[in-house]
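Breakdown of the fold
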Amino acid sequence: MTGIKTWFYLLITRFLFHRHFFRAEEEENRQGQLYLSSMDWLAIFVGGIVAYRFIKMLREYSTRKREEAWRMSAGYRNEEAQEMRLRNSIDRDAKDSVRIVLSRVIEKLYVLRIQEPAVFVGVEEDIEWIQRQLMAAWVEYYSYSLEELMDVAYDFEDMIDDLILRSAAKQRSVLLIRIQKKLKLIKSKIPALPRVSVMGLESASPTNDSIEEKVWSDICLLHSQSVANAVFSPVEKKVSALLALEKIQPYKKKAAMRVLDKLRSLNGFLKGLESVELDDSGMVWMEELSHVALSAVISIDDYINRAQQLKKRSWMGFLSAFGKLKPQEKLAAEMDKIYAKIQTLSIHRPTAVNRRGQSTTPKSIPPQPTTQEPDLASFGDDVQAMILRLLTEDESFRVIPIMGMEGIGKTTLAKLIFNHKAVIDHFPFAVWTSDSYRLLLRNKTKLEAVDSFGRQMQRLKVFFVNKRSLIVQDDSYFPNQMLEVLQDTLNGSRMILTNCKTWLPPNVNMKNDPHPLRLRTDEESWTLFTHALKLNIPPELLQLKDEISKRCGGLPLLIVKLVEALSHKNATIEEWSDILQHFDHDQHQLWSNTLYKIHKDLPLYMRRCLFYFTLFPQDFDVPARRLIALWVAEDLLQPEGNGETSENVAERCLNLLIAQGMVQLTKKKLNGNVKMVRLPDALRQYWLSKAQQATFHGVHTNTKSELSLGTNKIRRLVDHLDKEDICFDHIHGDYGTTSTSLTPYYEDVLSFLSFDTRKESKPGEEVGKFLHRGISSGCFLMMLVLDLENVFKPKLPEAIGKLTQLRYLGLRSTFLETVPSSISKLHNLQILDMKHTSINTLPNSIWKLQQLRHLYLTESNRSKLMLKHDATFPTTLQTLCGLFLDEGTPVRDGLDRLLGIRKLGLTLSSKQGVMPLQLQAVVLDWVLKLNQLRSLRLKSIDENNQPWELELKPLVSLVNLSYIYLLERIRNQSIMSQFPYSLVDLTLSGSGLVEDPMKSLDKLPNLRSLKFLTKSYLGKKMFCFLGGFPQLQVLKLWKLELQEEWYVEKGALQALRDCEIRSCTSLKMLPTELLHRTLLKIEVLPSQV
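Throughout what follows, the structure given in this document is the object of discussion. (Residues numbered from 1 in each chain as written. Predicted model: local features only at pLDDT ≥ 70, side-chain atom pairs only at ≥ 80, totals over all residues. Heavy atoms only, no water.)

Side note on the overall build of the protein
If you tally the helices and strands in the protein, you get 32 helices and 34 strands. Considering the protein as a whole, with its 1089 residues, one finds that 51% of them fall into the buried category. Long-range contacts, defined as pairs at least 24 residues apart, comprise 65% of the intrachain contacts of the protein with a sequence gap of at least 6. In the form shown here, the protein has an accessible surface area of approximately 52100 Å², with 54% of it arising from carbon and sulfur atoms. (Helix = DSSP H or I, 4+ residues; strand = E, 2+ residues; numbered from the N terminus. Buried < 20%, exposed > 50% of the residue type's maximum accessible area, 1.4 Å probe, protein only. Contact = heavy atoms within 4.5 Å. Areas by Shrake-Rupley, 256 points an atom, 1.4 Å probe, with all protein chains shown as cover.)

Concerning the environment of S962
As for its position among the elements, S962 is in the loop between β25 (949-950) and β26 (963-967). For S962, a relative accessible area of 25% gives the class partly exposed. If we skip the residues at most four places from it in the chain, S962 touches R934, S982, L983, V984 and D985.

Considering the environment of T757
Here T757 is to be found in the loop between β15 (751-754) and α30 (761-776). Placed 57 residues apart in sequence, T757 and T814 show a C-alpha to C-alpha distance of 9.3 Å.

As for helix α14 (residues 380-390)
Of all the residues in α14, the buried ones are G380, D382, V383, Q384, M386, I387 and L390. Turning to α14, the residues buried within the fold contact β3 (398-403), α15 (410-418), α16 (421-426), β7 (469-474), β8 (494-497) and β9 (515-516).

Quick word on a positive patch on the surface
On the surface, K667, K669, K675, K835 and K903 cluster together into a positively charged patch. Take K835: it is sitting in the loop between β18 (831-833) and β19 (841-842). Judged by its relative accessible area of 31%, K835 falls in the partly exposed class. (Patch = residues over 30% accessible without salt bridge, like charges linked within 9 Å, V, L, I, M, F, W, Y side chains within 5 Å. Salt bridge = Lys/Arg side-chain N within 4 Å of Asp/Glu carboxyl O. Lys, Arg positive; Asp, Glu negative; His and termini not counted. Charge placed at Lys NZ, Arg CZ, Asp CG, Glu CD.)

Side note on the packing of aromatic side chains
Going through the model one piece at a time under the given rule, you end up with 16 aromatic pairs. Seen from their ring centres, F616 and F620 are 5.7 Å apart, and the 15° between their planes marks the pair as stacked. In this structure F620 comes out as partly exposed when scored by relative accessible area, which is 24%. Between F616 and F755, the aromatic rings sit 5.5 Å apart at their centres with planes inclined by 65°, giving edge-to-face as the arrangement. (Phe/Tyr/Trp six-rings, centres within 6.5 Å; stacked < 30°, edge-to-face > 60°.)

A look at the side chain of T907
Tracing the backbone shows T907 in strand β23 (residues 903-908). Setting aside residues no more than four positions away along its own chain, T907 makes contact with E859, L883, F884, L885, K939 and I941.

A word on the nonpolar core
Soluble, globular proteins show a tendency: their nonpolar side chains are buried together. Grouped together as the largest cluster of nonpolar side chains are 157 residues, with contacts concentrated most on F156, F529, L610, F613, W631 and L654. A total of 14 residues in this core trace back to one element, the largest contributor, which is helix α11 (residues 280-312). Excluding its chain neighbours within four sequence positions, the residues that come into contact with F529 are I537, I548, I559, L562, V563, L566 and W576. Listed in part, the 104 residues of the second largest apolar core include L742, L796, I846 and L1074. (Core = buried A, V, L, I, M, F, W, Y, C linked by side-chain atoms within 4.5 Å.)

Quick notes on unusual backbone geometry
Negative phi is the rule for most residues except glycine; trans is the rule for most peptide bonds. The phi dihedral of S813 is positive, around 60°, even though this residue is not glycine. In this structure, S813 sits in the loop between β17 (808-810) and β18. Its identity is not glycine, yet H836 carries a phi of approximately 60°, on the positive side. Within the fold, H836 resides in the loop between β18 and β19. According to the relative accessible area criterion, H836 is partly exposed, its value standing at 41%.

Some remarks on the sheet that holds strand β11 (residues 664-668)
Strand order in this open sheet of three strands is β10-β12-β11, and the pairing throughout is antiparallel. With partners counted over all chains shown, the strands left at the sheet margins are β10 (622-623) and β11, one partner each. By the bridge criterion, two bridges tie β10 to strand β12 (residues 674-678) in an arrangement that is antiparallel. Within β12, the position partnered with V622 by the bridge is V677. (Pairing = 2+ DSSP bridges.)

Some details on the packing of α14 against α15
Closest axis-to-axis distance for the α14/α15 pair is 10 Å, and the angle between their directions is 60°. Between α14 and α15, the crossing angle belongs to the class labelled oblique. The handedness of the crossing between α14 and α15 comes out as right-handed. Contacts from D382, V383, M386 and L390 of α14 reach α15 at L413, L416 and I417. Residue classes in the contact of α14 with α15 are distributed as six nonpolar, no polar and one charged. (Axes fitted to C-alpha atoms, helices over the stretch in contact; angles between N-to-C directions. Parallel < 35°, antiparallel > 145°, perpendicular 65-115°, else oblique. Left-handed = near helix turned anticlockwise from the far one by under 90°. Nonpolar A, V, L, I, M, F, W, Y, C, P; charged D, E, K, R; others polar.)

Let's talk about the pattern of salt bridges
Under the criterion given, the structure shown has 38 salt bridges. For E524, the salt bridge goes to R520, with nearest N and O atoms at 3.8 Å. You'll find E524 and R520 in the same group, each marked buried. Where E1073 meets R1077, a salt bridge forms, and the shortest distance between an N and an O atom there is 3.0 Å. Taking the relative accessible area as the measure of exposure, E1073 reaches 23% and is therefore partly exposed. The class for R1077 is buried, based on a relative accessible area of 17%. Each of D381, D382, R518, R520, E524, K668 and R1057 takes part in a single network of salt bridges with overlapping partners.

Points about a nonpolar patch on the surface
Nonpolar side chains collect at one region of the surface, where V994, L1018 and L1042 lie side by side and expose about 250 Å² of accessible area between them. You can see L1018 is positioned in the loop between β29 (1009-1012) and β30 (1021-1024). Look at L1018 and you get partly exposed, because its relative accessible area is 36%.

Re the packing of helix α25 (residues 624-633) against helix α26 (residues 646-659)
It is at 9 Å that the axes of α25 and α26 come closest, and there the two elements cross at 120°. By the angle class used here, α25 and α26 are oblique. Seen along the crossing, α25 lies across α26 with a hand that is right-handed. Touching A624, L627, I628, W631 and V632 of α25 are S646, E647, A650, E651, C653, L654 and L657, all from α26. Of the residues assigned to the contact of α25 with α26, the class counts are nine nonpolar, one polar and two charged.

Notes on empty space enclosed by the protein
A water-sized probe, rolled over the atoms, reveals where empty space remains. Within the structure shown, the criterion is met by seven cavities of 30 Å³ or more. Forming the boundary of the largest cavity are 17 residues, of which S290, L294, R608, E634 and D635 lie nearest the centre. Elements with a contribution of two residues or more to the lining of the largest cavity: α8 (227-243), α11 and β14 (714-719). Among the elements that take part in the lining of the largest cavity, α11 stands out by supplying six residues, more than any other. Across the lining of the largest cavity, the residue classes tally to nine nonpolar, two polar and six charged. (1 Å grid on protein atoms, 1.4 Å probe; cavity = no way out; pocket = protein on both sides within 12 Å on 5 of 7 lines; lining within 4 Å. Points joined across faces, edges and corners; volume = space filled by probe spheres on them.)

What about helix α9 (residues 250-264)?
The terminal C-alpha atoms of α9 lie 20 Å apart, and with 15 residues this matches the ideal 21 Å at 1.5 Å per residue to within 8%. Counted residue by residue, α9 has 12 buried out of 15 residues, so it is predominantly covered. For α9, every residue scored as buried is listed here: K252, K253, A255, A256, M257, R258, V259, L260, D261, K262, L263 and R264. (Expected span 1.5 Å × (residues − 1).)

Remarks on the state of the cysteines
The full count for this structure, using the stated rule, is zero disulfides. The thiol of C653 is not disulfide-bonded; the next cysteine sulfur, from C609, is found 4.1 Å away. (Disulfide = S-S within 2.5 Å.)

Topic: the pairing of β11
Each regular strand shows side chains that alternate between the opposite faces of the sheet. For β11 and β12, the ladder comprises four bridges, and the chain directions are antiparallel. Considered in β12, the bridge of L665 is made with V677. Between β11 and β12, which pair antiparallel in sequence order, lie five residues; one of them, G672, sits at a positive phi of approximately 95°.

As structure tokens, this is what we get:
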């Protein structure tokens, strides 16, 4: 087409030349009576024919192109149509960016006019003209080059920022000159804005909104917990910090704002992704966008830190100013590269596989007939929780659904509740409806089976109206007229649904949240397995306990199926191992609905969190605190509101994944909180296979690490000690490998997690050399996470100080003895975990880490911080655990400036014969100032680690405090009645209490776990009365050697689930009231244990 145009232009030029020549010749003819030659007439004739045929050809070409465009728009069947769609996509992105930029600029201008009208003196006319031109250009944006329009808008915004500075500046005349120069430049650009052909772009849809309404409608961008928020929020924060710097150059500001606005232009698209199903390549695209956004954060942060360092060296004069030029140019260049990457990703956006709700739901698994009786021990926590909800004093009718995947035990739980003695006593009348039972009626203790509702309708209505009733609807039909009767009752009737999708009439209010039924823990799984097997398992087969629990993934139906398979085999290690090896033929069907929910219903940000599990080795139990810290360090989640932390959001996310059966809770803390989790094996295998197809992991290389889609470089590096992994030789192989050979692999690494748990010197030496070689060759400089937990004595290189982007440094259980002094250069470090190490002294420079939020030390090592009174403490610190305090520790005007602490662990000691009262007073005064404190672990010991006396003060004012551990001799025993009502978990050790503490502690309404350890109580009798400890579930009595009697009043401790008595040698007998409770597990351990 270009060649035709060129030829046409040449023809027209020749025609015009001939026209000019003919006119000149005609004039000469008049003068000299000359005539045109026959050749001239022939040239005109031929030119006319050529022009006619050219016009005809253009018409035919235009018609043909219109037909092609119509065919392309009908189905987008060819590459040209796809390119056209991509161009339109780019245009939409550009329009969104222009709208965002102009929205912000106009907002700034309006606010400034209202608050500081005086700053417009001398420039108001020029500003109003530019404003009108920009607003008019926005109305006709489709006729302007959008990039050029954005460039002018950025210049105008920079000038407005100067006006804001002018309002606060003393020398306004200097700023006025600068502002006038900028206005002159902008005014010269506006008339020169290049226009583009309207034919090639979409026409603007007409609207009745005014320009102000169109602009203001996009000013406020809604931020909720979504993948868009997780991607954009960190960039917005860093750009804001960049703009707050003094004397920021306009081109740097423009480059950063272009990146931010380009990301914002994708905001609507990303929110739309939340409502559609993406294929795995779409998830890879999402990770790629997150990585690009993160690189913007790192680049800006690196520039800010350099700028601050240069500012501190201001005594160097012009050299400092000269030194700023290079970082400025580097930042602008990096922002331009990032902008180009975002543009490329925007062009290659993922497409939805299905909009949620439109695709076919997997078929439900039919009910599995089984003769197994329900096992109470495996569902004890759920039974207890449901019973507490059923037996409330609320007299209105309530519906409680049990939520969970197929085979997770919803019907089993309903049976356990239906037949529980407390439920039978509370509900005089009960009805069970299901496909298999049809209708089962229970009047008090009398059971009656009925074929259908038909003849029983009137009788049931009478019972429902007059008696408190329990109805269990086990995935079956229940007449609407019965529901309408129940809806109006006020006798405390309840309904349990075993299917959340059960249809209810609109007027029947659920009034209660569902009860989520999680996958069973390893211990619960083994209990269910042994209950269903009904055999005495030979000791040699007990070694398969862990494998059996892990293979079933905590799914009760799978456990029962495994039992059925094993029951037909001989109880030998060979037979059972063979069954376990091949026990995966029908797992995909059982997990199909969970996989469906992951792809259809799970928000993108939660899918990214779920994917993180695949970085851990198979069957690896992940500590919840470790997983949450990793999620937060990589910005996978963002706080939703004021006062909320990323850790809170991450914890809620994990609990939701557990509730939906996507993550298995493998071990709980004594207080019921999550301790260890695991991705079920079937989900892990499926996810890894899909991830490899979409290049989440290496396709062309054998590695467990995550690769970048765009560069094929390693993004998240994991060491599973797998010799087949390409990373193995780099970490554990030939030390002669040149540093440069590492660069192609590890230049863009964001995280490094090592799972080398060998207890020898090699792991520490190898990982240390690997890190040294990598950092020396320019690798790992973008690293956010370095997690070496359980790696034996890693030799951290001094060069670790170059990892300035590091946010998480995990050294727990490494038995490390020292850390490099350069650790103080890690100015972005948020989490430093040195628990269970041999480090007992940290330098004062640790407080240079102003972003530090969590610091874990080893309390048994008497870990001390070298503190100075003039030290600048990080105001962001939330966790301080394992710190040792003595007379030399500056607490007053030192540590007591840390007022944002939420988790505190202190050990007080002294070289003197007694604990100094001044140290006690200062520390306890500091503790009472911590209004956000959630967890307190306080020890007072002598040089032999024996409890010392401590004058503890009332803690009732700490209304957020939920966990207390006290190792000390308590002087003031009245403190037992002055704990906050928020307390959930209390442990006392060495307290020396002589008065029965139960009389005071039983009034704590939320207490769930209570532990009396060695010599915490020195009395002989202990009483528990009716009405006390309404939520106490765990009670442990350890080494209370003087206690002889324990009385429990009838009906007391109803919520108690776990009672452990260890080495209480004088205790004569257990309370009779506790001996026959079906939900209570009592362990009595001898003194030698």
